[in-house]
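Descriptive analysis of the structure
Listed here are the chains, written in short residue letters.
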Amino acid sequence: MRNLFRSKLAIASAMLLLIFATGVIGYRFISEYTWIDAIYMTVITVTTVGFGEVQPMTEVDKLFTSALILSSIVLVGYAVTVITEYLLSKNNLGNIREKRALKKIHKMKNHVIVCGYGRNGKQAAEKLKDYKQPFVIIEKDHDVVEHFAEEDLLFIEGNANEDDVLIEAGIEKASTLICALPSDADNLFIVLSARQINPDLKIISRATEETSYRKMKLAGADNVILPDKIGGDHMASLVVVPDLIEFLDNLSISGDDDSINVEQVSFEQVCPSNEERTIQELDVRNKTGCSVIGYKSPEGEYIVNPEPSLSIKKGSKLILIGRPNQIEKLKNFYGV
């Protein structure tokens, strides 16, 4: 739609330039006016303001002026219409897009809210998009919202520090909140507000300073990520255990089915009858080719490389590893 308006605007501008150039050249060489007089005559003729002629007009001059007036009425009228339509549409497109976004958001449940569309927010959104996880982005920078508006993303333009904006993004029905703003103070305030509005919400926050970690946790964040610390640890690990880190880097957990190597399945997926069974009884390896490398208990405790005799409890999760084709078989078998 926007490209259509721009193309029509370019055509209208070209028409105005053409009619103006025709008038100036015509009066200069047909009526033998000076360049200044030719420009003046063109302006008063095209705009039909009705001022007097510079000098008495011959029959040829009158015919040329009549043709210029008739042409300008059509072309200038069209140009004014297109320009007015473009200016009005430029203002209305944002309102239409916002109304459509709000309509979709009001229907969403168990979605993710991403606060801030900077570097970390954009990475989080791309990952959620890979997994086809519904999400809403809160961004206060109007230019950012306009720039990415054509990418089929749901934006709420506003400050995530404000409760009304969080509610507008559907925080009361959301499952997760990601605070990805560059300021620790802003993220801390959002965590406090969000936890009060929705006590069951899972909150993941970014932090720049290590001193902010404890504050975020006390405020109600379930997970606090320190991007700089993670990056430094990763670089140091490439020195100490380079082969291991490179191997782990090659394990993909993205939403691309052609490269994914790690997946998690819930108790309800592996035990649809709700009957607790051991890892050995599940026999996931023979059924799918994937190996169980981790177990998360209902209390949130993680067990690496669990024993085959471990009983899978309700509310727990299994973490499995395998080649892409094995992960695909796992998804098909358990409906992941």
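Scoring rules and cut-offs
- Residues numbered from 1 in each chain as written.
- Predicted model: local features only at pLDDT ≥ 70, side-chain atom pairs only at ≥ 80, totals over all residues.
- Heavy atoms only, no water.
- Patch = residues over 30% accessible without salt bridge, like charges linked within 9 Å, V, L, I, M, F, W, Y side chains within 5 Å.
- Areas by Shrake-Rupley, 256 points an atom, 1.4 Å probe, with all protein chains shown as cover.
- Salt bridge = Lys/Arg side-chain N within 4 Å of Asp/Glu carboxyl O.
- Helix = DSSP H or I, 4+ residues; strand = E, 2+ residues; numbered from the N terminus.
- Buried < 20%, exposed > 50% of the residue type's maximum accessible area, 1.4 Å probe, protein only.
- Pairing = 2+ DSSP bridges.
- Axes fitted to C-alpha atoms, helices over the stretch in contact; angles between N-to-C directions.
- Contact = heavy atoms within 4.5 Å.
- Phe/Tyr/Trp six-rings, centres within 6.5 Å; stacked < 30°, edge-to-face > 60°.
- Parallel < 35°, antiparallel > 145°, perpendicular 65-115°, else oblique.

What to know about a nonpolar patch on the surface
Where nonpolar side chains cluster on the molecular surface, the patch consists of V239, V240, V241, L244, F247 and L248 and spans about 590 Å² of accessible area. For the nonpolar patch, the secondary-structure elements that each account for two or more residues are α9 (227-240) and α10 (242-249). If you trace the backbone, V241 turns up in the loop between α9 and α10. The exposure class assigned to V241 is partly exposed, which follows from its relative accessible area of 34%.

Observations regarding the sheet that holds strand β3 (residues 155-157)
In spatial order, the strands read β3-β2-β1-β4-β5-β6; together these six strands make up an open sheet with parallel pairing. Both outer strands of the open sheet, β3 and β6 (223-225), are each paired with one neighbouring strand and no more. This sheet shows a mean twist of 15 degrees between the axes of neighbouring strands, independent of strand direction. Where strand β1 (residues 112-115) meets strand β2 (residues 135-139), four bridges bridge the pair, whose relative direction is parallel. The partner of V112 across the bridge, within β2, is F135. Helix-sheet contacts for helix α7 (residues 184-197) involve β1, β4 (176-179) and β5 (202-206), and the interaxial angle to β5 is about 175 degrees.

A short note on the packing of aromatic side chains
Inspection of every chain in the model, using the stated rule, returns six aromatic pairs. Residues Y117 and F155 carry aromatic rings whose centres are separated by 5.4 Å and whose planes lie at 85 degrees to one another, so their mutual orientation is edge-to-face. Here the residue Y117 occupies a position in the loop between β1 and α4 (119-130), and F155 occupies one in strand β3, the gap between them amounting to 38 residues. The exposure class of Y117 is buried, given its relative accessible area of 8%.

Quick notes on the sheet that holds strand β8 (residues 291-296)
Spatially, the four strands line up as an open sheet ordered β7-β10-β8-β9, and their pairing is antiparallel. Among the strands making up the open sheet, the edge pair consists of β7 (262-266) and β9 (302-304). Shown here is a sheet whose adjacent strand axes are inclined to one another by a mean of 25 degrees, direction ignored. One ladder, built from five bridges, connects β8 with strand β10 (residues 317-321); its direction is antiparallel. The residue bridging S291 from the neighbouring strand is I321, located in β10. Contacts between helix α14 (residues 324-334) and the sheet are confined to β7 and β10, with β7 contributing the most and set at about 15 degrees to the helix.

Examining the packing of α9 against α10
Packed helix pairs are specified by the crossing angle of their axes together with the interaxial distance, meaning the distance between the axes. Contact geometry for α9 and α10: axes closest at 5 Å, N-to-C directions at 125 degrees. Compared by their axis directions, α9 and α10 come out oblique. Packed against α9, whose contacting residues are H234, S237, L238, V239 and V240, the element α10 presents P242, I245, E246 and D249 at the interface.

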